[in-house]
Amino acid sequence: MSSALLRIRDLRVTFDGFHALDGVDLVLDEHEVRFVIGPNGAGKTTLIDVITSLVRPTSGSILFAGEELVGRTEHEIVHAGIGRTFQTPSVFEELSVLENVDIAASFRLPFRSLLRRRKGISDEVAQALDSVGLGELREDPAGSLSHGQKQWLEVAMVLVQRPRLLLLDEPVAGMTQEERLRTGELITRVAQEGTTVLVVEHDMDFVRRFAHRATVMHEGKVLTEGTVAEVQQNETVREVYLGRPRDARGAAAAPV
Amino acid sequence: MAKLLPSSIKPSGFVVRFALVATSLLLVAPAVLSDFRLSLLAKFLCFAIVALGIGLAWGQGGMLVLGQGLFFGLGGYCMGMYMKLHEAGAGQLPDFMTWSGVEKLPALWSPFRHAWFAVPAAVLLPMAIAGVLGVLIFRQRIRGAYFAILSQALAAAFVIVLVGNQGLTGGTNGLTNFQAFFGLSLASAPDKRILYLIVAIVLLVVFLAGRELVIGRYGRLLIAVRDHEDRVRFLGYDPTRVKLVAYVLAAGMAGMAGALFVPVAGIISPALLGIVPSIEMVIWVALGGRTALAWAAAGAVIVNWAKSSVSEQFPSGWLYLQGLLFVAVILFLPKGIAGAVEALRGVAARLPGAGRGRLRARTVPAAEEGA
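Residues numbered from 1 in each chain as written. Chains lettered and ligands numbered in written order. Predicted model: local features only at pLDDT ≥ 70, side-chain atom pairs only at ≥ 80, totals over all residues.

## Points about the sheet that holds strand 4 (residues 59-64) of chain A
Residues and elements named next belong to chain A. Using the following cut-off: Two strands form a pair only when DSSP identifies at least two bridges running between them. Put simply, DSSP H or I for four residues or longer makes a helix, DSSP E for two residues or longer makes a strand, and each gets a number counted from the N terminus. The contact criterion used is a C-beta to C-beta distance within 7 Å, with each C-beta placed from the backbone. Comment: axis = line fitted to C-alpha atoms, over the contacting stretch for helices; angle = value between 0 and 180 degrees taken between N-to-C directions.
Taken in spatial order, the 4 strands make up an open sheet running 2-1-4-5, and their pairing is antiparallel. The two strands at the open ends of the sheet, each matched to only one other strand, are strand 2 (18-29) and strand 5 (67-68). Pairing geometry for strand 4 and strand 5, over 2 bridges, is antiparallel. In the strand pairing of strand 5, L63 is matched with E68. Most of the contacts of helix 1 (residues 44-51) go to strand 2, to which it runs at about 70°, and overall it touches strand 1 (4-15), strand 2 and strand 4.

## What about the nonpolar core?
To keep it simple, the criterion reads: Only buried Ala, Val, Leu, Ile, Met, Phe, Trp, Tyr and Cys residues enter a nonpolar core, and they are joined through C-beta atoms within 7 Å. Any residue surrounded by 20 or more other C-beta atoms within 10 Å of its C-beta is treated as buried, while 12 or fewer makes it exposed and the intermediate range makes it partly exposed; C-beta atoms here are placed from the backbone.
Core analysis: the biggest nonpolar cluster contains 180 residues, and A:A156, B:A51 and B:A297 have the highest contact counts within it. Considering each element in turn, this core owes the most residues, 18 residues, to helix 10 (residues 239-265) of chain B. Residues within four places of A:A156 in sequence aside, it is in contact with A:V101, A:A128, A:L129, A:S131, A:V132 and A:L134.

## Thoughts on helix 11 (residues 275-288) of chain B
Residues and elements named next belong to chain B. Keep this limit in mind: How far a helix is expected to stretch is found by multiplying one less than its residue total by 1.5 Å.
Counted at 1.5 Å a residue, the expected span for helix 11 with its 14 residues is 20 Å, and the 20 Å between its end C-alpha atoms agrees. Of the residues making up helix 11, those classed as buried are S278, M281, V282, W284, V285, A286, L287 and G288. In this fold, the buried residues of helix 11 make contact with helix 2 (35-60), helix 3 (69-88), helix 6 (144-164), helix 12 (293-313), helix 13 (317-332) and helix 14 (336-350). A positive phi of about 130° marks G289, the residue just after helix 11.

## Considerations on unusual backbone geometry
Residue and element names in this part refer to chain A. The phi dihedral of S53 falls on the positive side, at around 75°, and the residue is not glycine. When you line up the elements, S53 lands in the loop between helix 1 and strand 4. With 22 C-beta atoms counted inside 10 Å, the residue S53 sits in the buried group. Non-glycine residue A65 carries a positive phi angle of around 50°.

## Brief notes about the sheet that holds strand 10 (residues 221-226) of chain A
All names here are of chain A. Spatial ordering of the open sheet is given by 6-7-8-3-9-10, a layout of 6 strands whose pairing is mixed. Here the strands that pair on one side only, and so sit at the sheet edges, are strand 6 (82-84) and strand 10. On average, each strand axis in the sheet is inclined to that of its neighbour by 20°, with strand direction left out of account. Examined bridge by bridge, strand 3 (residues 33-37) and strand 8 (residues 196-200) share 4 bridges and lie parallel to one another. Paired with V36 across the bridge in strand 8 is V200. With respect to the sheet, helix 1 is in contact with strand 3, strand 6, strand 7 (165-169), strand 8 and strand 9 (213-218), its orientation differing from that of strand 7 by roughly 145°.

## Topic: the interface of chain B and chain A
Rules: Side-chain classes are defined by residue name, with Ala, Val, Leu, Ile, Met, Phe, Trp, Tyr, Cys and Pro counting as nonpolar, Asp, Glu, Lys and Arg as charged, and the others, Gly among them, as polar.
With 19 residues of chain B in contact, the opposing surface of chain A contributes 24 residues. Elements supplying a minimum of two residues to the side of chain B that touches chain A: helix 8 (189-215) and helix 9 (217-233) of chain B. It is helix 9 of chain B that provides the largest number of residues to the side of chain B that touches chain A, a total of 10 residues. For the side of chain B that touches chain A, a count of residues per class yields 9 nonpolar, 3 polar and 7 charged.

Right, here's the structure in full:
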């Protein structure tokens with residue numbers, strides 16, 4: 001395996017006495033596709049939120065390419081090379097699909113050049129739109145898209161930024177089987193092109209098909225880690241998943 | 001219009017509309033309006049410049065700037081101080097200082113002897129102050145109602161400072177009794193017409209610059225920040241910076257408007273820039289339509305024109321009407337007059353046989369137009 005891109009050590013997050021993350025250790029290798037699974041309230045989304053600085057950790061360290069992320073602002077972390085999506089797609093509804101992707105793509109431009117008008121469509125923006133199948137809808141206001149299409153748009157917005165590490169929070173929630181397949185293929189392709197991907201997901205079928213390795217979280221801790229087959233054989237994992245009734249609509253009820 | 005021009009030159013709708021407005025402001029209005037009305041219009045055009053800034057900061061950027069009177073006043077006082085000193089002559093004190101028993105020119109006033117200092121200061125000082133305030137406010141992620149209240153409190157504080165320093169600022173009376181503005185006599189009607197043209201040209205130029213900004217990438221980003229500030233952070237932008245630009249520019253426009261207002265109206269005083277006038281500025285923009293710069297500016301002119309017409313007939317009626325208008329707009333026209341016009345256009349386009357004229361020209365290809 002290649003060297004570690006992300007190294008999380010003893011990460012803790014406490015909300016009013018509740019331990020959302022209770023000493024998480026996690027190492028992501030470069031070019032890996034890692035799935036993080038676990039029951040509701042396990043702290044999966046909190047983990048992404050801490051990495052991207054939406055939530056400040058109580059203690060612990062997050063090293064990305066050797067640099068500490070804890071204490072940096074959200075936009076600095078994006079510039080360091082980490083992109084994310086959200087569980088509920090949040091796009092800019094008054095802007096067109098194209099404009100959404102265009103401002104995502106322009107984040108490295110010097111501020112002064114933002115003051116000028118956009119001239120045409122850059123190749124990378126067109127490519128990102130095509131890769132998620134929104135090329136034909138590019139002039140439509142993003143607010144008119146369906147839920148699934150908004151999720152695609154979010155993916156296009158993060159892809160066009162070419163992050164080194166991509167964090168996807170339940171990317172296939174609410175998608176049809178065919179859309180899931182396309183998302184999975186997209187993730188695989190992105191990883192092949194050199195991006196490390198961390199996916200928080202509930203859908204075990206999806207995990208089995210597309211994960212390299214999986215990390216199982218439970219009550220703010222990492223329960224186990226390994227290939228999908230290994231993880232599924234693990235007794236404690238079975239207990240956690242089968243021992244308590246799972247919320248059928250788990251995706252929507254996951255922790256913030 | 002299409003018949004007047006060769007078919008290869010097809011001006012866009014915007015160019016046509018802008019040309020119409022510019023012609024009315026620069027040629028038609030001076031030709032048909034009396035000296036008195038034209039001077040009133042000049043005043044309203046100053047307000048329209050403030051409204052452009054509010055349209056940018058509030059309409060596009062979502063920052064409810066309830067204290068633009070602060071920046072309008074700063075610009076106005078910068079210009080007023082220069083004009084006062086210029087008229088007093090070298091070594092002399094402005095009239096009101098003598099009445100207040102001030103014997104030596106305060107240090108704050110001395111640089112305003114020079115036009116090269118006072119004129120840029122009228123724009124740059126409001127911008128600098130907005131810059132400092134903006135960094136402090138936006139970095140703390142203060143927004144929404146808290147931002148609005150804070151910006152209003154600043155205008156109120158400014159008024160208190162002005163009133164409390166009679167000898168320095170002219171107190172409640174402000175600065176008045178101006179005779180001339182860069183060689184233009186404020187008592188001469190032809191000179192005041194030139195002054196009107198200056199104001200109109202500044203308005204048109206500021207509008208074009210603001211529009212360029214709004215339709216560019218920055219404008220898109222500003223809307224993104226308005227609608228989803230937190231999401232923008234995760235695209236790698238610092239919203240503080242994005243908001244700061246709009247806020248500072250709005251302050252600069254208000255300062256510029258204040259500076260032009262002084263020669264046009266012949267006065268700058270605390271009563272023109274406290275809480276109530278600051279709220280009125282926002283009302284103009286709400287009535288016109290905050291999401292379109294042109295309508296924000298039009299709102300300032302329309303509301304003030306209505307105000308002076310109504311006040312001439314019913315001296316105390318305007319306040320009630322203004323309140324009523326504001327309530328009506330919030331209830332029925334959340335996008336202001338701009339929204340109403342848009343809705344009417346939509347209705348007109350759907351009516352059978354409504355195709356003739358302008359509406360049709362948009363959808364029919366150029367080749368058919370000659371038929």
